[in-house]
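Okay, here's what each chain looks like letter by letter:
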Amino acid sequence: MENTDTFEIFLTAPPGLEQTLLREAKELGFAEPKTVPGGVTVQGGWPDVWRANLCLRGAARVLARIGSFRAFHLAQLDKRARKFPWSEVLRSDVPVRVETTTNKKSKIYHAGAATQRIERAITEELGAEISAEAAITIKLRIEDNLCTFSVDTSGEGLHKRGHKTAVGKAPMRENLAALFLRDCGYTGTEPVVDPMCGSGTFVIEAAEIARGLLPGRSRNFAFEQLATFDADAWAAMRDVTTTQDTDVRCYGSDRNAGAVEMAAANAERAGVADLVQITQQAVSDLTPPDLGEGEQPGLVIVNPPYGARIGNKKLLYALYAALGETLKSRFSGWRVGIVTSETSLAKATDLPFLPYGPPVAHGGLKIRLFKTAPLP
C-alpha cells in the first residue's frame, strides 16, 4: 500500500451514534462516508488516516483496512498470511499484537488458533516481535470465510485528548460528549452551561469547538510507528492553525469542591481556561449567566447521576425534579440536553422533551440523550 493508494478507513463510534459521526465526517470532507454498525466508513489514503485521528471529535478509533483474502481452513490462512505484504504497513522493529474476531458462519471459527497463525506469519516473514503491550494492533475479522485485516492507527482511544489528567467518579468520554453536543445542535457559537460538570468534559469540549482547536493536537498516535508514516507531511498537517477568536463562554458548576478544582485544572491544560468559568454550587442555586449585548441563550447540557451508575435510583428522582424546576423557571429560551440511562429519571424533570434519540452503549449501560427545543 503506497501513500497514494485509496482504501477503506473505518471510524468507530459508540453504537447508536453512527449517524452523528457520519454528519461530522461529511462536514470535514472525508470521501464516500457511509454508516455501518459501530461506525462510519470513508475512503482515503494514509494522510486521510492521520487527518481523521487529528480532527474528528466523535470517532473512538480509526482503523485502516490494509487487505483481505479468503481462507477456508487454518493451513490456508497460514499460507496466505505468509504472502501478505506486511512490510508495506508494519515495521520490523516495532512490536505488534493481533486480535481476531470470527463467527460460526466461517469454516475458521477458533479465534485463538487464527491469531497464532497470523502472529507466526508476522514474526517469521517480517521479523517483528509479538507483544501483548504493543502499541500497534492488527485486527483480523473472519466473516463468511473472508479474512479482513485492519490496523488500529489510533493507539489509545481518541477520547483521550492528551490534556486531561483528572477525571471524576463516572466520566463522560470526550468523543461521546462531542457527539451529544453535535446532536443538541451545538456548533461553537453559543454559551453552554453544565450544572453538574464533574471533570468538565462537556464545557471543555464545547470551548474547544468554539475556539476551533483540533481534538488530537496534544497527543501521539499509533500510526506514527507504521512504515507508511511521513513525519514531515504529518508535521505540516499538525501545524495548520485552525483556531479562531471567540466571545463564546462555557459555564460549569458542581456541588463538589474537588470536581470544581479538577475541571478548572483540565480547562487550563486544554488551553481554554479563559473561555470556561467553573464555580461550586448546588443545582438549586443555578442561574443563567449574564449574556452580553446581542448574545442569545444557548445550551444547558448535563450528565446527572443515574441509578445504575451511582447509588440508589430512588434518591435521584428529587434531584432530577429540582433540576427540571430550576431550568423551567429560570432558563427560558435555552435548549436542554440531559444524558441518562433511565427514561423515568428524565421524565422526573417534567421538561418538554423532543422525540428521544437512540440508546447508546456506554460502559456496559444503555444511555440516551433527552433534549428539548428552546424552553418557553
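For clarity, every value in this text was computed on a predicted model and none was experimentally measured. (Residues numbered from 1 in each chain as written. Predicted model: local features only at pLDDT ≥ 70, side-chain atom pairs only at ≥ 80, totals over all residues. Heavy atoms only, no water.)

1. Section: the side chain of Ser-131
Assignment of secondary structure puts Ser-131 in the loop between helix H4 (111–126) and strand E6 (136–143). Residues within four places of Ser-131 in sequence aside, it is in contact with Pro-95, Val-96 and Arg-97. (Helix = DSSP H or I, 4+ residues; strand = E, 2+ residues; numbered from the N terminus. Contact = heavy atoms within 4.5 Å.)

2. Some remarks on the pattern of salt bridges
Pairs can form between side chains of opposite charge whenever their charged atoms are close. Scanning all chains against the criterion turns up 21 salt bridges. Close ionic contact of Arg-23 with Asp-183 constitutes a salt bridge, the shortest N to O distance being 2.8 Å. Linking Arg-23 in helix H1 (residues 18–27) with Asp-183 in helix H5 (residues 174–183), this pair joins segments that are 160 residues apart in sequence. Classification of Arg-23 by relative accessible area gives partly exposed; the value is 41%. The salt bridge involving Arg-161 is made with Glu-205; its shortest N-O contact spans 2.6 Å. On the criterion of sequence distance, the pair formed by Arg-161 in the loop between strand E7 (146–152) and H5 and Glu-205 in helix H6 (residues 201–211) is long-range, its members being 44 residues apart. Exposure class is identical for Arg-161 and Glu-205. Each is buried. Among the ionic contacts, a cluster of salt bridges with common partners joins Arg-57, Arg-161, Glu-205, Glu-208 and Arg-217. (Salt bridge = Lys/Arg side-chain N within 4 Å of Asp/Glu carboxyl O. Buried < 20%, exposed > 50% of the residue type's maximum accessible area, 1.4 Å probe, protein only.)

3. A word on the environment of Thr-148
You can see Thr-148 is positioned in strand E7. Look at Thr-148 and you get buried, because its relative accessible area is 12%. Remark: the alpha-carbon pair of Thr-148 and Thr-100, spanning 48 residues in sequence, is separated by 9.9 Å. Among all residues touching Thr-148, those that are not within four sequence positions of it are Arg-65, Gly-67, Ser-68, Lys-139, Leu-140 and Arg-141.

4. As for the sheet that holds strand E12 (residues 335–340)
Strands sit in the order E10-E9-E8-E11-E12-E14-E13 across an open sheet of seven strands; the sheet is mixed. Strand pairing shows two members of the sheet lacking a second neighbour, strand E10 (276–280) and strand E13 (360–362), which therefore form its edges. Neighbour-to-neighbour, the strand axes of the sheet open up by a mean angle of 20°, direction not taken into account. Note: E12 against strand E14 (residues 365–371), four bridges, orientation antiparallel. Opposite Ile-338, over in E14, you have Phe-370 as the bridge partner. Relative to the sheet, H6 contacts strand E8 (192–194), strand E9 (250–254), E10, strand E11 (299–302) and E12, its axis offset from that of E9 by approximately 170°. Contacting E9 and E10, helix H8 (residues 257–270) runs over the sheet at an angle of about 170° to E10. (Pairing = 2+ DSSP bridges. Axes fitted to C-alpha atoms, helices over the stretch in contact; angles between N-to-C directions.)

5. Structural notes on the packing of helix H2 (residues 46–55) against helix H7 (residues 231–238)
Two elements in contact, H2 and H7, have axes whose closest approach is 11 Å; the angle formed by their N-to-C orientations is 40°. Relative to H7, the element H2 lies oblique. Pair H2 / H7 crosses with right-handed handedness. In this structure, H2 contributes Pro-47, Trp-50, Arg-51 and Leu-54 to the contact, and H7 contributes Ala-233, Trp-234, Met-237 and Arg-238. Here the residues of the contact of H2 with H7 sort into six nonpolar, no polar and two charged. (Parallel < 35°, antiparallel > 145°, perpendicular 65-115°, else oblique. Left-handed = near helix turned anticlockwise from the far one by under 90°. Nonpolar A, V, L, I, M, F, W, Y, C, P; charged D, E, K, R; others polar.)

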